[in-house]
Amino acid sequence: MPLPEILLGLLWIGVTAYVLFGGADFGGGVWDLLAGGAERGARQRALVEHAIGPVWEANHVWLIFVIVLAWTGVPSVFAAVASTLYIPLTLTALGIIARGSAFAFRKASTLLWQRRLFGAAFAFSSVVTPFFLGTVAGAIASGRVPPGIAEGDLAASWLNPTSLVSGALAVGTAAYLAAVYLTRDAQRAGDAGLAAAFRRRALAAGVVVGGLSAVGLVVLRADAPRLFDRLTTGAALPLLALSVAAGVVSLALLAWTRAFLAVRVTAALAVVGLLWGWGVGQYPRLLPGVTLREAAATDAVLAATLGALAVGAVLLVPSLVWLYATFQRGDGQGEGESGDAGAFPRAENNS
Amino acid sequence: MDVLVADAVNPHNLMAARLQMALSLGWHIIVACLGVGMPAITLIAEWRGHRTGDPHVQLLARRWAKAMGVLFAVGAVSGTILSFEMGLLWPGLMGTYGEVIGLPFALEGIAFFIEAIFLGIYLYAWDRLPPVPHLLSGIPIVIAGVASAFFVVTANAWMQQPTGFDTREGRVTAVEPWAAMFNPATPPQTVHMILAAFMVAGFSMAAVYAVAMLRGRRDRYHRVGFLIPFTVAAVITPVQIGVGDWAAHFVAENQPVKLAAMEGVFETERGVPLHLGGVAVDGELRYALEIPYGLSLLAHWDPNAEIAGLNEVPTAEHPPVNVVHWAFQVMVGLGFALLALVAWQWWAWWRRRDLPRSPWFLRAAALAGAAAVVALEAGWTVTEVGRQPWLVYGVMRTSEAVNPAPGLVYGFAGVAAVYAVLTVATVYVLRRMAREKPVPVAPQERDVSDYKVV
Ligand code: HDD
Ligand code: HEM
Ligand code: HEM
């Protein structure tokens, strides 16, 4: 495969990983927000905090990876997107600051009012940040970012039907993925009550996301006919079908079984299908009138970057596996002296 | 500012963008320095605690690790904003030259991953791993932190000495990414920066315990807490002054306009004196203390060497002279002040194997952390403001790169407000952590539920 395509593929893998991992961390914040009063929501919040704590920084790096690959691989497209969409992107950036720091501050604070204050900042920014990122996706998908610097409409580019639907879809997807992952975490921690609570939330979020996706297709048809055609008749159709099928299967599994590990896989597949469907549907056109080949960096840059990433992957992949394995495996032994489950108060589990 | 008026595309936008960049970089760099320096210092403490079994040292390592958890989170998010801002504020730079400096940033991305992954393991698996593997899991954090500092500064060095690319009609036609990364400014700038990070971390951590000792808490815990970071900083300070000299020679050779601004030299002459203090007014440096032949000697090892003055280039291409001149004086002055402090401590240690007895030593040490931070900020001011009006030296002006979309001023206001809150919250949380008595067993995991007072 030629270098620009490989780089774009990697970039899209980065986007996918960010949605699947980082997105779920945002979703954790959404459930934190909806968990209710300090007393009632304590167990849910503790589970969320416990699940996100060790991994969120690593998950967050996917976003940086995507940004950096974008300006390296397709610099003019990066500049066009960043300059036209600077309002939602600035808001995203502020949301990221508020969320990450509030999460760390909450962990380090002991007084209730502090934990409440930082918790509120964390939860609120977890909802708005994916929304703004979603509007950015919608702006690109509906071809509202023209090439050139700040050539697009600063407001209409991201305040339009496609952007709004994709913003909502981003929040919904984050919440759905988080609920699915947390159901399994709670199950593994042996907390049936909490698992049932998150299972209900996962079901509700799944139905909402399914509905939003359907609305999204209708909006796309009016707003971005080319992408709609590719999704419904063209090369992207199999991916869309995969997404729908996986979504239906995961809802069924959630409703009628306790196979929460399997739901993790099908839920992730549903999201992957949607993302790659969009990617394939849009390829090779990145912006209106700009194809990948026109925008791609010189081969020397692409080769050097890909080479560096290949070497980096040799270090990264085993490290990432070790990270996730350490904390997923740890949960199984959580009852023992390793005490990792200490993060959430087990004593009240029978309530 | 003269520069801004000369090529005003949209002066408010340009001003807002520069202020926003300066604020977010200036903020991030402090946390970043702690992120580079603290893991090594914490590992030293953990290792000594493991070797000697001294509970005080073990406790110090845990408390530092806990503070590191907060600082890394804040560093990660404030750094993310920077990578957004590269596009939001300077699309002209990234759209054209993004691919030229992309390689170091991609490498930096890998370093960030390693840093974040092992930080998660180091902090959260403290009680789950045996001591030696746990210590080892900290080493990648140190390496990746230093590496990420190296990579990002190579990108900045490229803006000082752009090499490794060809352009035709404003489009980049050929790039040698490795040549761009290893440009001539890379060696002195990266070394100087990495050492600065260790100085900032060492002096700031030591300052916390200097304050406690001034308040009368002179037990072993506080003494060791002072000595470990202070020793790290003390070893590095003399080296840093040598490296600073290297950086200055480099500027003298390669960026004569910046050197002239640093020293307030307007006319090209031989046998130029070194200027201490002074203000540039109407194309002349006034009220400065002159050390005859000093500058020629220092910059070129020859008392009669010629120094190019600012007037070699049009006024529109002068950087803001007073800012650069004073920032340089402040950095060098603080560098020597810190060296004096370190010498005092070495001397007392050599005589009596103890800290100097005078309370003035502790008072000075309590200020050393802030002094190192100010030197750091001053150094960046020299580098970045001294490069003006160029963003990429001799290639692209700052005003050509800025985002022309209206309303950047509001973005700046929002960012400034968020950073104000963030500053207050960070300082507050860290101070509380420093005061807290009960100490969690693992730095992150058990802190919520079960405390164990050691
Ligand atoms: C000392 C050297 C240094 C310098 C000059 C900079 N940084 Fe930085 N940066 C670090 C040293 C560092 C670090 C110590 O490696 C951090 C701090 C905390 C952390 O996790 O990594 C970091 C974090 C950090 C992150 C978040 C990484 C993560 O999630 O872990 C990003 C995206 C950036 N930086 C980007 C930048 C950009 C775009 C800069 C300049 C324009 C910049 N940094 C200057
Ligand atoms: C890869 C590293 C860096 C890049 C790409 C970079 C890029 C830039 C850019 C685009 C600007 C705006 C133009 C200007 O007004 O000068 C700027 C300004 C500035 N940067 Fe850097 N910078 C880097 C590193 C740093 C770091 C680490 C600091 C640390 C504090 C720093 C300090 C500043 C300051 C203070 C300004 C404002 C200068 C002014 O107001 O004139 N820079 N930098
Ligand atoms: C006392 C002797 C020192 C000298 C002669 C010196 C010299 C210099 C020079 C000439 C530059 C500009 C480099 C350029 O524009 O390319 C610089 C930059 C800088 N200085 Fe210093 N410096 C000294 C001490 C310090 C200290 C004590 C610190 C911090 C603790 C520090 C931190 C920095 C930083 C962060 C920069 C900007 C980035 C870089 O070039 O790495 N310097 N210094």
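Criteria and cut-off values
- Residues numbered from 1 in each chain as written.
- Chains lettered and ligands numbered in written order.
- Predicted model: local features only at pLDDT ≥ 70, side-chain atom pairs only at ≥ 80, totals over all residues.
- Heavy atoms only, no water.
- UniProt positions renumbered as here; feature names shortened; annotations may be inferred.
- Near = heavy atom within 4 Å.
- Polar contact = N/O pair within 3.5 Å; in protein donor to acceptor, adjacent residues only side chain to side chain.
- Helix = DSSP H or I, 4+ residues; strand = E, 2+ residues; numbered from the N terminus.
- Nonpolar A, V, L, I, M, F, W, Y, C, P; charged D, E, K, R; others polar.
- Patch = residues over 30% accessible without salt bridge, like charges linked within 9 Å, V, L, I, M, F, W, Y side chains within 5 Å.
- Areas by Shrake-Rupley, 256 points an atom, 1.4 Å probe, with all protein chains shown as cover.
- Salt bridge = Lys/Arg side-chain N within 4 Å of Asp/Glu carboxyl O.
- Lys, Arg positive; Asp, Glu negative; His and termini not counted.
- Charge placed at Lys NZ, Arg CZ, Asp CG, Glu CD.
- Buried < 20%, exposed > 50% of the residue type's maximum accessible area, 1.4 Å probe, protein only.
- Contact = heavy atoms within 4.5 Å.
- Expected span 1.5 Å × (residues − 1).
- Buried area = accessible area lost by both parts, 1.4 Å probe.
- Phe/Tyr/Trp six-rings, centres within 6.5 Å; stacked < 30°, edge-to-face > 60°.
- Lys NZ or Arg CZ within 6 Å of the ring centre and 35° of its normal.

The name given to chain B in an unreviewed UniProt entry is Cytochrome ubiquinol oxidase subunit I, with the source organism recorded as Streptomonospora mangrovi. Recorded in UniProt for chain B, the comment headed Subcellular location (unreviewed entry) runs: "Cell membrane". What UniProt records for chain B under Sequence similarities (unreviewed entry) is the sentence "Belongs to the cytochrome ubiquinol oxidase subunit 1 family."

Chain A goes by Cytochrome d ubiquinol oxidase subunit II in an unreviewed UniProt entry, where it is assigned to Streptomonospora mangrovi. The record in UniProt for chain A states the following under Subcellular location (unreviewed entry): "Cell membrane". Word for word, the UniProt comment on chain A under Sequence similarities (unreviewed entry) is "Belongs to the cytochrome ubiquinol oxidase subunit 2 family."

Participant: Give a detailed account of the site of ligand 2, specifying residues and quantitative values.
Facilitator: Residue and element names in this part refer to chain B. Near ligand 2, the surroundings consist of 20 residues, among which Arg18, Trp90, Val152, Glu384 and Gln388 are the closest. For ligand 2, a nitrogen atom lies 2.8 Å from a polar atom in the side chain of glutamate 384. In this structure, an oxygen atom belonging to ligand 2 sits 2.3 Å away from a side-chain N or O atom of glutamine 388. Those elements that provide at least two residues to the shell around ligand 2 are helix 2 (11–52), helix 6 (131–160) and helix 13 (359–385). Broken down by element, the shell around ligand 2 gets its largest block of residues, six residues, from helix 2. Class assignment of the residues belonging to the shell around ligand 2 gives a composition of 13 nonpolar, four polar and three charged.

Participant: A description of a positive patch on the surface should follow, citing residues and the corresponding values.
Facilitator: Residues and elements named next belong to chain B. A cluster of basic residues, Arg215, Arg217, Arg431 and Arg435, forms a positive patch at the surface. In this fold, arginine 217 is placed in the loop between helix 8 (186–214) and helix 9 (220–254). On the basis of relative accessible area, arginine 217 is assigned to the partly exposed category, the value being 38%.

Participant: An account of the pattern of salt bridges is needed here, citing residue identities and associated values.
Facilitator: Two side chains carrying opposite charge are able to pair once their charged atoms lie near each other. Residues and elements named next belong to chain A. Under the defined criterion, the tally for this structure stands at 13 salt bridges over all chains. In this structure, aspartate 32 and arginine 45 form a salt bridge, with 2.8 Å as the shortest nitrogen-oxygen distance. Remark: arginine 45 occurs in helix 2 (residues 42–52) and aspartate 32 occurs in helix 1 (residues 3–33); sequence separation between them is 13 residues. What emerges from the salt-bridge pattern is a single network uniting Asp32, Arg45 and Arg106.

Participant: Tell me about a negative patch on the surface, residues and numbers included.
Facilitator: Residues and elements named next belong to chain B. Taken together, Glu267, Glu269, Glu306 and Glu312 make up a surface patch of like negative charges. Along the polypeptide, glutamate 306 turns up in strand 8 (residues 306–307). Take glutamate 306: its relative accessible area is 47%, and that puts it in the partly exposed class.

Participant: Go over the environment of B:Val323, please, and point to the residues and values.
Facilitator: All names here are of chain B. Position of valine 323 among the secondary structure elements: in helix 12 (residues 321–352). Distance in space between the C-alpha atoms of valine 323 and alanine 261 is 8.7 Å, their sequence separation being 62 residues. Excluding anything up to four places from it in sequence, valine 323 contacts Thr381 and Val385.

Participant: I'd like to hear about helix 5 (residues 102–124) of chain B, residue by residue, with values.
Facilitator: An ideal rise of 1.5 Å per residue puts 33 Å on 23 residues; helix 5 of chain B measures up with 33 Å between its terminal C-alpha atoms. Burial analysis of helix 5 of chain B places 22 of its 23 residues in the buried class, which makes it a mostly covered element.

Participant: How would you summarise the site of ligand 3 if you had to cite specific residues and measurements?
Facilitator: All names here are of chain B. Neighbouring ligand 3 are 24 residues; Gln189, His192, Lys258, Met331 and Thr383 lie closest to it. At a separation of 2.8 Å, an oxygen atom of ligand 3 approaches a polar backbone atom of glutamine 189. Mapped by element, the contributors of at least two residues to the shell around ligand 3 are helix 8, helix 9, helix 10 (256–263), helix 12 and helix 13. Looking at the shell around ligand 3, the element that brings in the most residues is helix 9, giving seven residues. Residue classes in the shell around ligand 3 are distributed as 15 nonpolar, seven polar and two charged.

Participant: Got a sec to walk through the interface of chain B and chain A? Specific residues and values, please.
Facilitator: At the interface, 73 residues of chain B touch 71 residues of chain A. With both sides pooled, the region where chain B packs onto chain A buries about 6100 Å², and carbon together with sulfur makes up 75% of that total. Contact with chain A buries area across many residues of chain B, yet B:Phe84, B:Phe113 and B:Arg128 alone supply 12% of it, more than any other trio. Counting across the chain B and chain A interface gives six residue pairs in polar contact (both at pLDDT 80 or more). Within the residue set of the side of chain B that touches chain A, elements represented by two or more residues are helix 3 (55–89), helix 4 (91–97), helix 5, strand 2 (171–175), helix 7 (177–181) and helix 15 (408–435) of chain B. For the side of chain B that touches chain A, the leading source of residues is helix 5 of chain B, giving 17 residues. Residues of the side of chain B that touches chain A, tallied by class, amount to 46 nonpolar, 18 polar and nine charged.

Participant: Lay out the packing of aromatic side chains in plain terms, naming residues and giving numbers.
Facilitator: Aromatic rings considered in pairs are described by the distance between their centres and by the relative angle of their planes. Counted under the stated rule, the structure contains 28 aromatic pairs over all chains. With centroids separated by 5.1 Å and ring planes inclined at 75°, the aromatic side chains of A:Trp12 and A:Trp278 adopt a geometry described as edge-to-face. Separated by 266 residues along the polypeptide, A:Trp12 in helix 1 and A:Trp278 in helix 11 (residues 260–282) bring together distant segments of the chain. Taking the relative accessible area as the measure of exposure, A:Trp12 reaches 16% and is therefore buried. Judged by relative accessible area, A:Trp278 falls into the buried class, the value being 17%. Members of the aromatic cluster, connected to one another through ring pairs, are B:Phe203, B:Phe226, B:Phe230, B:Trp344 and B:Phe361. Across the ring face of A:Phe198, the terminal group of A:Arg201 is positioned such that the distance to the ring centre comes to 5.8 Å. Note that B:Arg363 overlies the ring of B:Trp360, its terminal NZ or CZ placed 4.5 Å from the centroid.

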